[in-house]
Amino acid sequence: VLGRNNKMISVNYDQLKQDIIGKDVPMHPSGTLSGHAAGEPFDKLIYENIKSKFPNNTFRQYEYLNYLYSNNTDKVGTQARQSLFDSPTVMFLLSRGKKVTDDWSVDNLFEEKQNDTADMLVTDNGLFDIIDIKTRNLSKKAQPPNIISSFKLAQVCAKMIDNSEFEAFTINYFEVGWLLKGDRLVCQDTYVANLFKANPCELYINWAAAMQVQFQVSGLDQSFNGTMEEWAREYLKHFVMHARRRSNDMIKKFVTPFEKYLIN
């Protein structure tokens, strides 16, 4: 189910959880047990699972852009290529910068970037289920991971309101909790959470960590039952309140004590 009303091809997350629990993947060749390197094998496993069910509708973010632009080679340049998106908000979330979009060609395809908004997406009839995979080593206590830039999320909310588009996409987070057994990472549990079912006023913004929204998927509240427009407006109130408080604190700490020295 997308948004609150529209429907599209729907990932059965309950089934996906059952499919992934108990599965094991090889440890990264570097032996790294944290961050992107540790999570990448599970990311691929989940992608292959969803792709097997929806082969024509499941993409990596860069794959979707290559697919979209390759099927519309008459569209040249950033503006023409971005116009291929029906939704300005989805375009903002998924498209890349002006120079690389201008330079794109069938001989110069996009490659995966670690900071892509979507690890993968399922799209149907212009609607998008954007999926982000998070992994967690259950043997260690860890800080909640970076989820999305709070500023980028504020921009997304503003675009939804400006364009009156509240049903074009949703964002789901899928968490894999794993333990190391020998040289294999074994999935012990999984969790799924929809960003727009979380109470927007309770999202934690870590201003010291590049203004990132941070949470553990397994602990994310899912009780919000308002409309997408209500969610967007509530989040913007939350963001502005905290940004104003942050800016006031910075002026008090970093400007006011030194202003007297600026007087000749």
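Every chain is numbered independently, its residues counted from 1 as its sequence is written. Where local features are concerned, this predicted model is filtered to residues with pLDDT of at least 70; where side-chain atom pairs are given and counted, the filter is 80 or more; whole-chain, interface and lining totals use all residues. Processing note: side-chain calculations cover all non-hydrogen atoms of the structure and skip hydrogens and water entirely.

Draft legend 1. Fine view of the pattern of salt bridges. Salt bridges, as used here, are contacts in which a Lys or Arg side-chain nitrogen is within 4 Å of a carboxyl oxygen on Asp or Glu. For the structure on display, the rule yields 12 salt bridges. In this structure, D19 and K53 form a salt bridge, with 3.1 Å as the shortest nitrogen-oxygen distance. Note that D19 is positioned in helix α1 (residues 13-20) and K53 in helix α2 (residues 35-53), a separation of 34 residues in sequence. Under the scheme applied here, a residue whose accessible area is under 20% of the maximum for its type counts as buried, over 50% as exposed, and between as partly exposed, the area being computed with a 1.4 Å probe on protein chains only. Taking the relative accessible area as the measure of exposure, D19 reaches 18% and is therefore buried. By the criteria applied, helices consist of DSSP H or I runs no shorter than four residues and strands consist of E runs no shorter than two, each listed in order from the N terminus.

Draft legend 2. Broad picture of the sheet that holds strand β6 (residues 169-181). Judged by pairing direction, the sheet is mixed, and its 6 strands sit side by side in the order β1-β7-β6-β4-β3-β2 without closing on themselves. The open sheet has two free edges, formed respectively by β1 (24-26) and β2 (58-59), since each of these has just one partner strand. Note that strand β3 (residues 120-124) and strand β4 (residues 127-137) share 5 bridges and pair antiparallel. Counted as the bridge partner of T123 is F128 from β4. Two strands qualify as a pair provided that DSSP identifies no fewer than 2 bridges between them.

Draft legend 3. Representation of empty space enclosed by the protein. Note on definitions: the grid is 1 Å and covers protein atoms alone; a cavity is a set of points where a 1.4 Å probe fits but cannot get out; a pocket is an open set with protein on both sides within 12 Å along at least five of seven lines; lining residues have an atom within 4 Å of a point. Grid points are joined across faces, edges and corners, and a volume is the space filled by probe spheres set on the points. Taken as a whole and assessed by the stated rule, the structure comprises 1 cavity of 30 Å³ or more. Space inside the largest cavity adds up to approximately 40 Å³. V11, N12, Q15, L16, D19, N49, I50, K53 and F54 are the residues that line the largest cavity. Every element with two or more residues in the lining of the largest cavity is listed here: α1 and α2. Taken together, the residues of the lining of the largest cavity break down into 4 nonpolar, 3 polar and 2 charged. For this classification, the nonpolar set comprises Ala, Val, Leu, Ile, Met, Phe, Trp, Tyr, Cys and Pro, the charged set comprises Asp, Glu, Lys and Arg, and every other residue, Gly included, is treated as polar.

Draft legend 4. Representation of helix α3 (residues 61-70) in the model. Burial analysis of α3 places 7 of its 10 residues in the buried class, which makes it a mostly covered element. For α3, every residue scored as buried is listed here: Q61, Y62, Y64, L65, N66, L68 and Y69. Elements that come into contact with the buried residues of α3 comprise β2, α4 (78-82), α5 (88-94), α6 (98-103), β3 and β4. Note on definitions: a residue-residue contact is assigned when non-hydrogen atoms from the two residues lie within 4.5 Å.

Draft legend 5. Representation of the environment of M120. One can find M120 in strand β3. Overall, M120 belongs to the buried group, its relative accessible area being 0%. Here the alpha-carbon distance between M120 and V192, two residues 72 residues apart in the chain, equals 15 Å. Ignoring sequence-local partners within four residues, the contact set of M120 consists of D43, I46, Y47, I50, F59, R60, D129, I130, I131 and I133.

Draft legend 6. Looking closely at the packing of aromatic side chains. Between the rings of Phe, Tyr and Trp (Trp by its six-membered ring), a pair exists once the centres lie within 6.5 Å; its type follows the angle of the planes, with under 30 degrees stacked, over 60 edge-to-face, and the other angles tilted. Enumeration over the complete set of coordinates arrives at 13 aromatic pairs. Between the aromatic rings of F59 and Y67, the centroid separation amounts to 5.0 Å while the plane-to-plane angle is 40 degrees, which identifies the pairing as tilted. Overall, the relative accessible area of 9% leaves F59 in the buried class. The exposure class assigned to Y67 is partly exposed, which follows from its relative accessible area of 43%. Summarising the aromatic geometry, the rings of Y64 and Y67 are spaced 6.3 Å apart at their centres and angled 40 degrees between planes, so their arrangement reads as tilted. One end of the pair, Y64, and the other, Y67, are both in helix α3, 3 residues apart, so they sit about a helical turn from each other. Note on Y64: relative accessible area 10%, which makes it buried. An aromatic cluster of three or more residues is present, and its members are F169, F196, W207, W231, Y235 and F239. Its guanidinium or amino end placed over the ring of Y47, R60 lies 4.6 Å from that ring's centre, counting from NZ or CZ. Sitting over the face of the ring of Y69, R81 holds its NZ or CZ atom 5.9 Å from the ring centroid. Placement of a charge over a ring requires the Lys NZ or Arg CZ to be within 6 Å of the ring centre, with the centre-to-atom vector within 35 degrees of the ring normal.

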